[in-house]
Amino acid sequence: MAETPFSRRQNAFLLSPDPDLAKLLTGLWPDEVMRFTVFERGRRAIEHLFNDPPDLLVVDNRLPDISGAEVATLVKSENVYRQLPVILVLDGSDLDHSWDWDQVEVDDFLVRPLRGEEARARVNLTMLRAMRALDANPLSKLPGNTSIIQRIQQCIDRNEDFALAYCDLDYFKSFNDKYGFSRGDEVLMMTARVIVNTIRAFAGVRSFVGHVGGDDFVFIMPPDLVEEACRRVVQTFDSIVPHFYDAEDRTRGSIVSVDRQGETRTFPLMAVSIAVVFSTGARRLSHAGEAASIAMGLKKKAKENPKSCYVLDQRER
Amino acid sequence: MEEDLKTSVKGQILSIKDLPTLPKVLDEVSRLVQDPNANTDEIAKIISRDQVLSAKVLKMVNSPVYGFPGRIGTVQHALVLLGFNVVRGIIISTSVFDMMIKAMEGLWEHSLGCALAANVVARAAGLADPEEYSVAGLLHDLGKVVAAVQMPELHEAVSQAVREQDLRWFEAERAVMGFGHDRINAWLARHWNLPGNIREGMSHHHSPETAQLYPETAAAVHIGDWIVRIYEYGTGGDDQAAVLSKKALDMLKLKLSDMDRILDEFAGQLAEVSDLDMA
């Protein structure tokens, strides 16, 4: 298999009437890395684009029937297509007038005459940057679901021994209900920082932290270090989280709120629950989904404890 | 005229870009952050002796970039949340005083002493999170440092007034500028999003009864300041005897007779740190 920065074959659309450009671009990647579909007209390509969005769209500003800017705007103004990276190919003279890049929301542009090596590097970079930006959690900027699943699958494919920890917060919802979303976001930012720095403090270790969304986080560690990592996350979280409550609640050690039935309820301070799944020796995970389903079972056990705690997968290892 | 001076001083204070520190602690921390196995507790312990480094990490962790401004009041928590890389970044970008070292040494000792004393007072009064009282004590004269860096002429004028008119530093500041370092502290603490208790400890230690939200912090720092002056450890810029506010004791439900125990406890802790030389 050819060397590739991507996790699977990429499909690209090129909208250009220029056969030389088509020849140059399609020749830059082996077919199993990136496959180009070339459209000589712009308008005709748009329906294809919307029905079956590619991984990359390269638009030539020389299109006779529609401007490159217009194609880019069409794609970028729809939230479902926005994440598609768009690269505009310009002639030097196109840059004689200034462009409003806030209106023309392309991800990058290339200028003729193209140098093959540079064009390939720029396109690869643009695509990877778009993937990272898309998948990052908007609050914590940590890698999101796509990256998490990719990373788990990568560990499985490489036959690595690894431990996968799922973290979430107990009583986060009652905190949010009482203090509001922005105070809730403060807690999520703090939690992200605690997990990231705890994991990174293990020097020289291959590890990963992702943010599934809301109060759900994931980290991956070598199996022999994961318990110590859990212990530290729990200890640090518990010592910091009281400071995110108002003094009165902190002193009492709980929050009191009235539910929809008009009943007064008391909730403890937030705690972190961690469920750890192992993939080692004879007990290897076969796919990312298996890890998630085992973890959900463990989570229930961890949740029975209102205090911060971690539960390790105790199946035969 | 006085308002104009206050506005321009405030602008100059808040525009501070580079706050230098003394070399001793900086060197020690610099060595530690080169060591990938150094642990956070060790680094926190050393940074907690230096008002400038402590202020820098607390300012950073409470900046809106991290998403929880005003929440973090201890160096230990700040270091955990910032992480090793960021802390190392702060350390390597910090410079040292190239002048005024002698004058600053006394102020550094005074601040460290006040941090210890405020902590002892908070414990004696049975207050929660005594480490936060240490931080408030450590930073209670930070305004003097920032003023010295940003407005050396005014700083010199205050110093001269202390010498020639036999004033306390705080009185001299008010005579020269119309306001004291407590006001400067309030500007800094608010601008840097420091937690409310640290802010009020810094800005109300000369009149704890005026603190709105955290009178205990202001009172503990006030008493701490008094204690460290009694022991003449370091200097706050003058050698005047300090006045202990009876109100501060009342606010913490402490009696004068409790002070014996508190002073003894403080003396013990001071002995542990006083042989560290700051520069």
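This is a predicted model, so every value here is computed, not measured.

As for the overall build of chain A
Here is step 1 of the chain: Counting its regular elements, chain A contains 10 helices and 12 strands.
Here is step 2 of the chain: Against the 2.2 N^0.38 benchmark of 20 Å for 317 residues, chain A shows a C-alpha radius of gyration of 25 Å, more extended than a compact globule.
Here is step 3 of the chain: By principal-axis analysis of the C-alpha atoms, chain A measures approximately 70 × 50 × 35 Å.
Here is step 4 of the chain: Considering only residue pairs separated by 6 or more positions, chain A has 67% of its internal contacts joining residues 24 or more positions apart.

Here we look at the overall build of chain B
Here is step 1 of the chain: When helices and strands are counted, chain B shows 16 helices and zero strands.
Here is step 2 of the chain: Its C-alpha radius of gyration of 18 Å places chain B within 12% of the 19 Å reference for a compact globule of 279 residues.
Here is step 3 of the chain: Each of the 279 residues in chain B was classed as buried or not, and the buried ones make up 49%.
Here is step 4 of the chain: Counting only contacts in chain B whose residues sit at least 6 apart along the sequence, the fraction spanning at least 24 positions is 67%.

Structural notes on the domain arrangement of chain B
Residue and element names in this part refer to chain B.
Here is step 1 of the chain: Each domain of chain B was delimited in the assignment, giving domain 1 (19-92) and domain 2 (101-274).
Here is step 2 of the chain: Counting residues at the interface gives 20 residues for domain 1 and 23 residues for domain 2.
Here is step 3 of the chain: Tallied by class, residues from the side of domain 1 that touches domain 2 come to nine nonpolar, eight polar and three charged.

Comments concerning the interface of chain A and chain B
Here is step 1 of the chain: At the interface, 15 residues of chain A touch 12 residues of chain B.
Here is step 2 of the chain: Put simply, the parts of the chain that give the side of chain A that touches chain B at least two residues each are helix 7 (181-200) and helix 8 (226-240) of chain A.
Here is step 3 of the chain: The leading source of residues in the side of chain A that touches chain B is helix 7 of chain A, at nine residues.
Here is step 4 of the chain: Its residues placed into classes, the side of chain A that touches chain B shows eight nonpolar, three polar and four charged.

Thoughts on the nonpolar core
In a soluble, globular protein the nonpolar side chains are often hidden away together inside.
Here is step 1 of the chain: Of all hydrophobic cores here, the largest spans 134 residues; its most connected members are Ala165, Val233, Ile274 and Val276 of chain A together with Val57 and Ala118 of chain B.
Here is step 2 of the chain: Per element, the largest residue contribution to this core is 12 residues, and it comes from helix 7 (residues 101-124) of chain B.
Here is step 3 of the chain: What Val276 of chain A contacts, discounting residues up to four positions off in sequence, is Ala163, Ala165, Val226, Cys230, Tyr310, Val311, Leu312 and Asp313 of chain A.
Here is step 4 of the chain: Membership of the second largest hydrophobic core comes to 29 residues, among which are Leu57, Val86, Ile87 and Phe109 of chain A.

So, the sheet that holds strand 6 (residues 162-170) of chain A
Residue and element names in this part refer to chain A.
Here is step 1 of the chain: Sheet architecture is open: five strands sit in the order 7-8-6-11-12, paired in mixed fashion. Of all strands in the sheet, those with a lone pairing partner are strand 7 (208-213) and strand 12 (309-312), marking the two edges. Strand-to-strand twist across the sheet, computed as the mean angle between neighbouring axes with direction ignored, equals 20°.
Here is step 2 of the chain: Of the pairings in the sheet, the one linking strand 7 to strand 8 (residues 216-221) comprises five bridges and is antiparallel in character.

Remarks on helix 10 (residues 288-303) of chain A
Helical geometry: 3.6 residues make up each α-helical turn, so side chains three or four residues apart lie on a common side.
All names here are of chain A.
Here is step 1 of the chain: The end-to-end C-alpha distance of helix 10 is 22 Å, a good match for the 22 Å that 16 residues give at a rise of 1.5 Å each.
Here is step 2 of the chain: Those residues of helix 10 lying buried are Ala291, Ala295, Leu298 and Ala302.
Here is step 3 of the chain: Buried residues along helix 10 sit against helix 5 (145-157), strand 6, strand 11 (271-279) and strand 12.

Things to note about the domain arrangement of chain A
Here is step 1 of the chain: Assigned domains of chain A: these are domain 1 (10-135) and domain 2 (145-312).
Here is step 2 of the chain: Once you take the C-alpha centre of each, domain 1 of chain A and domain 2 of chain A turn out to be 40 Å apart.

So, unusual backbone geometry
Here is step 1 of the chain: Arg112 of chain A connects to Pro113 of chain A through a cis peptide bond whose omega is -5°.
Here is step 2 of the chain: Here Pro113 of chain A is to be found in the loop between strand 5 (108-111) and helix 4 (116-135).
Here is step 3 of the chain: Although it is not a glycine, Lys141 of chain A sits at a positive phi angle of roughly 65°.
Here is step 4 of the chain: Inspection of the secondary structure assignment puts Lys141 of chain A in the loop between helix 4 and helix 5.
Here is step 5 of the chain: A residue is classified by how many C-beta atoms lie within 10 Å of it, and Lys141 of chain A, with 13 of them, is partly exposed.
Here is step 6 of the chain: Phi is positive for Asn193 of chain B, which is not a glycine, with a value near 55°.
Here is step 7 of the chain: When you line up the elements, Asn193 of chain B lands in the loop between helix 12 (181-191) and helix 13 (196-203).

A few points about the sheet that holds strand 2 (residues 34-39) of chain A
Residue and element names in this part refer to chain A.
Here is step 1 of the chain: With respect to topology, five strands assemble into an open sheet ordered 2-1-3-4-5, the strand pairing being parallel. Lying at the two open borders of the sheet, with one neighbouring strand each, are strand 2 and strand 5. When strand polarity is set aside, the average angle formed by the axes of neighbouring strands in this sheet is 20°.
Here is step 2 of the chain: As paired elements, strand 1 (residues 10-15) and strand 2 share six bridges and run parallel to each other.

Digging into the pairing of strand 8 of chain A
All names here are of chain A.
Here is step 1 of the chain: Within strand 8, five of the six residues are buried, leaving the element largely enclosed by the surrounding structure.
Here is step 2 of the chain: The sheet contact formed by strand 6 and strand 8 spans five bridges and is antiparallel. Following the sheet pairing, Ala163 is matched in strand 8 by Met221.
Here is step 3 of the chain: Where strand 7 hands over to strand 8, the hairpin turn is made up of two residues, of which Gly214 adopts a positive phi near 55°.

Some details on the confidence of the model for chain A
Close inspection of predicted coordinates is inappropriate for parts of the model with low pLDDT.
Here is step 1 of the chain: Scored by pLDDT, chain A comes out at a mean of 91, with 98% of its residues at no less than 70.
Here is step 2 of the chain: The lowest-confidence element of chain A is helix 10 of chain A, averaging 83 in pLDDT; the highest-confidence one is helix 8 of chain A, averaging 97.

Here's the deal with the environment of Ile223 of chain B
All names here are of chain B.
Here is step 1 of the chain: Tracing the backbone shows Ile223 in helix 14 (residues 215-230).
Here is step 2 of the chain: On the basis of neighbour counts, which here come to 31 C-beta atoms within 10 Å, the residue Ile223 falls in the buried class.
Here is step 3 of the chain: Separated by 23 residues in the primary sequence, Ile223 and Lys246 have C-alpha atoms spaced 9.6 Å apart.
Here is step 4 of the chain: With sequence-adjacent residues up to four places away left out, Ile223 is seen in contact with Val121, Leu244 and Ala248.

About the thresholds
- Residues numbered from 1 in each chain as written.
- Chains lettered and ligands numbered in written order.
- Predicted model: local features only at pLDDT ≥ 70, side-chain atom pairs only at ≥ 80, totals over all residues.
- Helix = DSSP H or I, 4+ residues; strand = E, 2+ residues; numbered from the N terminus.
- Rg over C-alpha atoms; globule rule 2.2 N^0.38 Å.
- Contact = placed C-beta atoms within 7 Å.
- Buried ≥ 20, exposed ≤ 12 C-beta atoms within 10 Å, placed from the backbone.
- Domains from an automatic or database assignment.
- Nonpolar A, V, L, I, M, F, W, Y, C, P; charged D, E, K, R; others polar.
- Core = buried A, V, L, I, M, F, W, Y, C linked by C-beta atoms within 7 Å.
- Pairing = 2+ DSSP bridges.
- Axes fitted to C-alpha atoms, helices over the stretch in contact; angles between N-to-C directions.
- Expected span 1.5 Å × (residues − 1).
- pLDDT = per-residue confidence, 0-100.

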